[in-house]
Structure formats: structure tokens, C-alpha cells
Amino acid sequence: MAEFNALTESVIKGDIKSAVAETQKALETGQDIQSIIDDGLIRAMDDVGERFSKGQIFVPQMLRSAKTMQECMKLIQPHFKEGDVKAKGKVVIGTVKGDLHDIGKNLVSMMLEGAGFTIIDLGVDVNPEAFVEKVKETEADIMGMSALLSTTMPAMRHTIDALKEAGIRDQVKVMIGGAPVTDDFAREIKADAYAPDAGSAVIQTKKLLGLS
Amino acid sequence: MKVNKGTSLPFYRPLNPAHIEKIDGAARWILEHIGIKIHDRHFLELMDQGGATVDSATSTVRFSAERLDKALAEAPRKFILHSRDGLNDIRLGEDRVYFTNGGRVFRALDVNSGNYRLTTLEDVANTAALVNRLAHINFYIIACQAHDLEPEHYHLNDFYHAFNATSKHVMGGCDSLVGVQQVWDLAALMAGGEQQLKERPFFSVITNPISPLTIESNTLNILGFCCSHGIPATCAPAPICGATAPATLAGALTQMHAEALAGVAIAQIFAPGSKVLYGAVLTAMDLRTMDFTMGSVEMAMMNAAAVQLAKRYDLPIYASAGVTESKRPDVQAGSEKSFSNLMVAMAGGDCVHLAAGMLDSGNSISYEQYVIDNEILGMVQRILAGINVTEETLALSVIQKVGPGGNYVMEDHTIDHMMDEFFYPDLCERHLFDIWVQQGRPNMLSRATAMVENILEAHKDCLDPQLNSRIRSAFPGIKDV
Ligand code: B12
């Protein structure tokens, strides 16, 4: 097994600059790509995950490490041969029409991105048509909607209706969340999943895409 | 206990004078060099005409030191949030501390079943009725979303039912210009005319910028309406440490101070002399998990410090305290609420909002919690009233009279002072053990449940029947609860 201690250390620390430099060095010295990923990056993220679950590091650190890994992956990607790795999945996400709360939605995006998903963030006050258009355009696997106001929850239903009208409801999985949103409500509007927080949003996304 | 006269406020100062100057200087730098983002051409033009520095490429408004100081000088240092009967006027800027509940939650706890349910218009009426009776909740904020109302006559209804249930001052958020216009029309009819309402505005409006450093045009529409109609308002930033504000308390305070001062300054550009409260709703994330935390002890410290920052400019403040993550009226709720209410009150916050009724990070209310918090706030007011030291209270003559070994139970001096020296709680347990057992082992919560029932049963509508029928025929959009 190749040694990537400096790289692993940098990813654990969330030090983007030195992790990218280490990745560059590994590529230049002709290290095996799969080994850089497995013994360098994934080993680091396993460690990060373990430290997080023990409460030794906090969410900002975990997100920084995930971000650091992504930056390294960007360098590695051009070296992949066709079919080496497939993208995990695309998520179109936004806060529904009439609602300006975005902190929770942003956290969910960061966590999903950290877990390797591609995020297309539509921002806040997103009307149903904009969701539909983006889902079509990007051929997204998941559409995530956030609502923090009980009064904007109906917009989730309207957005799902709009997907139906556009004839693409069965092409995308719908996941919803936000403080007033419940599992029952998700069932009622026939969303595919509900998650109470960002961590469970990652678990649900993996489930929806058959990744776990 | 009456509302304290506050002669010796503040008692608690988390920032020293040099800290205040540092934070204030940094906030002014933010306003001069970074600015506030406003995505609206019309308002950018208005700010430009009002002498602020507008950068249309980035849609930001900046304030030079001179322009800021001019605006802040125009803001009134003192004004009154009127009650309708004149008995509960909120006199801002006079070193007094007033408390009010927290607003606009979406669910309520049913203590008996332990379940939560969506709130309705009836909850607005009931919580207003509670506040009307509870002596230490000095005015009412529209407490919850009325999920049984359509948007069309929304604020007409929530404010009407608040006015009908309490004659204390009513404050609330409005979703739209149409909404605030509805409340204005209703209140003007009640006041006997627009001029009368302007002279004694008995309602006021809450708006919020979006941290960091952004204000929406809808917010400015509503704030602008208030300023031009003499309705007191606040534009209260709600930055969250570690999410929408720096993770350091000083950094969050700096950003919040810039946002709050911008709110005050913009109101003065709308209409010089506008009655606007410096607003502050500082909270934090629990960075271990990224859970939102309102009841943290840092929340209490920051909101107390915010009072000092508002007082740097002698501005009355809409401050925050009394919140908790706890999901029911329990030990955590009691301790977190007591800490923050006491600390912000001891800092001298003019009106402390969120102080009563809330649970669950501001998502929920419980009727029982209103009554319990009222008791906590009564104790806080007692603390603020301080220890009265005079010849009479030193009690030397009665000490001499009773002499060594006697007792004071039946002395005139005891009877003369027993009513004003002590706070007498309604809910706290004070009996001997056996009496407590005989009474069925009551506790604060069980007593609160009974008290809620009593208050709501005894409640009578506040609006005079004749006036009420005029209101009802003028506003057919009003629903019954
Ligand atoms: C911060 C805040 C604001 C900020 C928003 C800043 C921003 N950039 O988002 C400001 C001050 C601007 C604001 C404005 C308003 N707010 Co507000 N706000 C809040 C507050 C205090 C915290 C929300 C928050 O950020 N929480 C932290 C994040 C991390 O948690 P979260 O959003 O719940 O997200 C987590 C989960 O829910 C989940 N999740 C979230 N989204 C998604 C999406 C998916 C797909 C999934 C799977 C999961 C998921 O994962 C997240 C991470 O774990 C809440 C109270 C509360 N406790 O929630 C009120 C609250 C939501 N607001 C409320 C109100 C009423 C308003 C206003 C109408 C107030 C007014 N001015 O009158 C305006 C509305 C503006 C609008 N049109 O949207 C009410 C809502 C009541 C209701 N009817 O539902 C609340 C409950 C507070 C209250 N009692 O007043 N608000």
C-alpha cells in the first residue's frame, strides 16, 4: 500500500492548499490513481467520519474536509479512463416559492456535496416552473425542496404538480425538508422522501438512488 | 411588582467602554465600505436621493460617517408604544425594561396529550387574552400563524382578534404592504381617525433584514409604509453565529450592529423622525451538529451586549431573550429562559421580546409557558427594582422596639412593607411538605394549567360592543373565532 500520509493529514485538517499540492505531487510522480483515492482521500474521509461520530470534530470541520477532498478529486478526474467512476447523482435544490429561508437548505447542499453529489442550487423563492425547467435541463436524479414557513408548504405540492404536468414526475425523486415539514406531509403530497436534518438528507438521498 | 423605574440600570455590562467603541467602529466601517445589499432599483434610487452612497453595479447602499450620524441623530431617543386604555403604555428610552412574548410560531403544545398541533386564529385570540391578564408581559406580539385564514384578509384578522382580546399595545409582523394597510385601516377606525392614530399609535410592526447585510424590497415596502404613517417599527437583524454571522461573539455583534444601525438609518431616510427601534435577535448554531440554538448562554450574553450597542446611540432597543430548544415546559426551559431574560433585562433592554410563551427554538408556543414565564418575568422585575434603602427600610426603630429575642410578625412595620418588598409568586411551590401532599403534589406546570383555564374562562372581549359592530360592518373580511 502506497503511503499518502501528508495528503491524508491535509484532508483531515481541511487544508485545501496543501491537499491539492500533495495530490498534484502524487499525480506527477505517477502514483496509481485508484490508490491516491483509496489510500489517500477515502482513508482521510473515513477517519473524519469516525472522529465526527465520536464528537471529536464538529460539522464545519467535516464540511471543510469534504470540500478539500472534492478539490483534490477535480485534479484527479481528468486522469480517469472512461467508465472508471460514475458520478454519484445530481440534485437540484431550492427553497420554495414565497420562502426566503435558506440556512437549512444550504446546509443540506453542503452535506450532499460533501458526500459526493453534484448540487444545482436554485436559491430561494423558487417557483414551480423554475424547478421543472432545471430538472429537465440537468436531468437531475433528485429534486430537493425546502420550506421553513408552514404557509409555503403548499408550494411543495404545487411544484410536484408542475413536475406531473411537465410529464417528468417519474424521472426524478423528490425529497423535502424544513422545520414545519413532516414525514406525514411528504406522504400526503407523494414526495419520495423526507429528512429532518442534513445528515439524514444524505442517507435518504443514497437510499433513493440505491447507493446504500 | 410594577415595571421598574430602572434608575440604576444597567447592572450587567458584558462589554467594557473600549469594547463598545471597537465594535461600533468596526460596524461603521462595514456600513461605509461593504454596505447593505438591496435588490430593488426603486429603493436604491430613494437611498441615493436620501444621501446614502449607492453602488448600482452591486446593488449596495453604503453610509458615510456623516450620513450615518445625521440619520441616527434624527431617530427619536424616546417614544411610546401606546396601549389603548393608557394603562400599559410602553415608555421607550426611559431606562425601563418591558417584556413581551414571541411571535409567529406554527404549532402549539397540548400539555395534556403532550402532542403538538398547528395554530389557528383562536390561538391568537387566546394568547392575547392571556397577555392581557398577565401583569409582567407588558404588551402583545401576534403569537402564531392562523392556519385557518386565507392570505386575503390575513392581517385584518390576526390584528383584529388581538385588539379584541387585549387593550395592551399590539405588535406583529406583516407579510405584505396590503397586510399592513389593512391593519392601519382597522386601527384608524378604532382610533377615530388617522390623525388620532398617528398621535397614539397602539400597534407597531416587526420587519427583519436578511443576515448577512441584505434587505428585501418587500421588507422595505412595509418599513416605508410604517415610517410614512407614524407607525413604530423595527428592522431587527437575526444573525446566527456560525451560519449567517461569524462564529465569534464579537464578530456576530459587529455585523448585527451594522445591520441594526442600517435599519434605523434607512427608516430616517424614509421619513426623518420615524419611530424606529434598534432591533437585535442574536442566536447561534451548535457547531457540533449544526442544530440551531436559541437558548444558548451565548445568546443571552450577545443580546445583553446588543443593548449596550444600542445605548451607545441612546436608541431604544427591541431586544431578545427567553427562548429555549426545550420541547416542553421543563427544567431546561425554566433555566434557559431565566438566564437570558434576567441578563438582557439587567443590561437595560427597553423591550425584551420572545420573553414569554415560546418553546422549541421559536417554532412552538404553550399556553402554560405564558403563565410560567410571566412568573419568571415578575421575579426579574423584582430584581431590577433593587433593594430600597431609606431610614424607614433600615428599620432601626423597630429593631430596637422588638429587641433581642423577639419577633416581627405583628409589627406595623411588617404590615406597612409586606406588600411592596416582596414578589409573591402564583405558581411556585412554597408550602410545607404535608400541605403539598394534601394538595395533590402540585407543581408549577399543574398550577399553570389551572391558571390558563381560569384566565380564559373569565376573559371578556376588550372592544366596546358599539365600536365592534361598526368595525364588523366596515370590514366584512373579519372572521369569528
Ligand atoms: C433565521 C430565521 C429567519 C431569517 C432567515 C435567514 C436566512 N438566510 O434563511 C429571517 C430573519 C430573514 C427570517 C424571516 C422570516 N421569518 Co423566519 N425564522 C428563522 C429561524 C429563527 C431559524 C431558521 C433556521 O435557519 N434554522 C436553522 C437551520 C439549520 O435549520 P432548518 O432550516 O430547520 O434546516 C434543517 C432541517 O429543517 C432540514 N432541512 C431544511 N431544508 C431542507 C430541505 C431538504 C430537501 C431536506 C431533505 C431537509 C431540509 O435540514 C436542515 C439542516 O439540519 C426560524 C425558527 C426556527 N427555529 O426554525 C424562523 C421562522 C421559520 N420564521 C418565521 C417567520 C414567521 C418569518 C417571517 C415571516 C417573519 C416576519 N418578518 O414577519 C419572515 C419570512 C420571510 C420569508 N418570506 O421567507 C416563523 C415561521 C412560522 C410559520 N408560519 O411557519 C419561524 C418558525 C419563527 C417564528 N416563530 O417567527 N427568518
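My aim in this report is to walk through the structure given alongside it, one point at a time. (Residues numbered from 1 in each chain as written. Chains lettered and ligands numbered in written order. Predicted model: local features only at pLDDT ≥ 70, side-chain atom pairs only at ≥ 80, totals over all residues. Heavy atoms only, no water.)

A few points about the coordination of the cobalt atom of the ligand
In an ideal tetrahedron of four donors about a metal, each angle is 109.5 degrees. In an ideal octahedron of six donors, the angles are 90 or 180 degrees. Among all protein atoms, only His101 of chain A (NE2) binds the cobalt atom of the ligand, sitting 2.3 Å from it. Residue placement: His101 of chain A occurs in the loop between β1 (90-95) and α5 (103-114). (Donors = N, O, S within 2.8 Å, 3.2 Å for Na, K, Ca; no water. Helix = DSSP H or I, 4+ residues; strand = E, 2+ residues; numbered from the N terminus.)

A look at the site of the ligand
As a matter of local geometry, the ligand sits amid 43 residues, with Leu100, His101 and Ser150 of chain A together with Ser361 and Gly362 of chain B nearest to it. Residues within reach of the ligand are spread across chains A and B. The side chain of Ser146 of chain A places a nitrogen or oxygen atom 2.7 Å from a nitrogen atom of the ligand. Contacts to the ligand include Gly362 of chain B, whose backbone N or O atom sits 2.7 Å from a nitrogen atom. Broken down by secondary-structure element, the contributors of at least two residues to the shell around the ligand are α5, β3 (142-146), β4 (173-177) and α9 (198-208) of chain A. Considering each element in turn, the shell around the ligand owes the most residues, five residues, to α5 of chain A. Across the shell around the ligand, the residue classes tally to 23 nonpolar, 15 polar and five charged. (Near = heavy atom within 4 Å. Polar contact = N/O pair within 3.5 Å; in protein donor to acceptor, adjacent residues only side chain to side chain. Nonpolar A, V, L, I, M, F, W, Y, C, P; charged D, E, K, R; others polar.)

What about the packing of aromatic side chains?
How two aromatic rings sit relative to each other is set out by the distance from centre to centre and by the angle between their planes. As enumerated under the stated definition, the model contains seven aromatic pairs over all chains in all. Look at Phe159 of chain B and Phe163 of chain B: their rings are 6.0 Å apart centre to centre, the planes differ by 55 degrees, and that puts the pair in the tilted class. Of this pair, Phe159 of chain B and Phe163 of chain B both sit in helix α5 (residues 154-165), four residues apart, which is roughly one turn of the helix. Judged by relative accessible area, which is 0%, Phe159 of chain B ranks as buried. By relative accessible area, Phe163 of chain B is classed as buried at 0%. Aromatic side chains Trp184 of chain B and Phe225 of chain B sit 6.4 Å apart centroid to centroid with 80 degrees between the ring planes, which places their arrangement in the edge-to-face category. Of the two residues, Trp184 of chain B is situated in helix α6 (residues 177-191) and Phe225 of chain B in helix α8 (residues 217-229); the sequence distance between them amounts to 41 residues. You'll find Trp184 of chain B and Phe225 of chain B in the same group, each marked buried. Following the ring pairs from residue to residue traces out a cluster consisting of Phe159, Phe163, Phe202 and Phe203 of chain B. Across from the ring centre of Phe117 of chain A, 5.6 Å away, lies the NZ or CZ of Lys88 of chain A, which sits over that ring. (Phe/Tyr/Trp six-rings, centres within 6.5 Å; stacked < 30°, edge-to-face > 60°. Buried < 20%, exposed > 50% of the residue type's maximum accessible area, 1.4 Å probe, protein only. Lys NZ or Arg CZ within 6 Å of the ring centre and 35° of its normal.)

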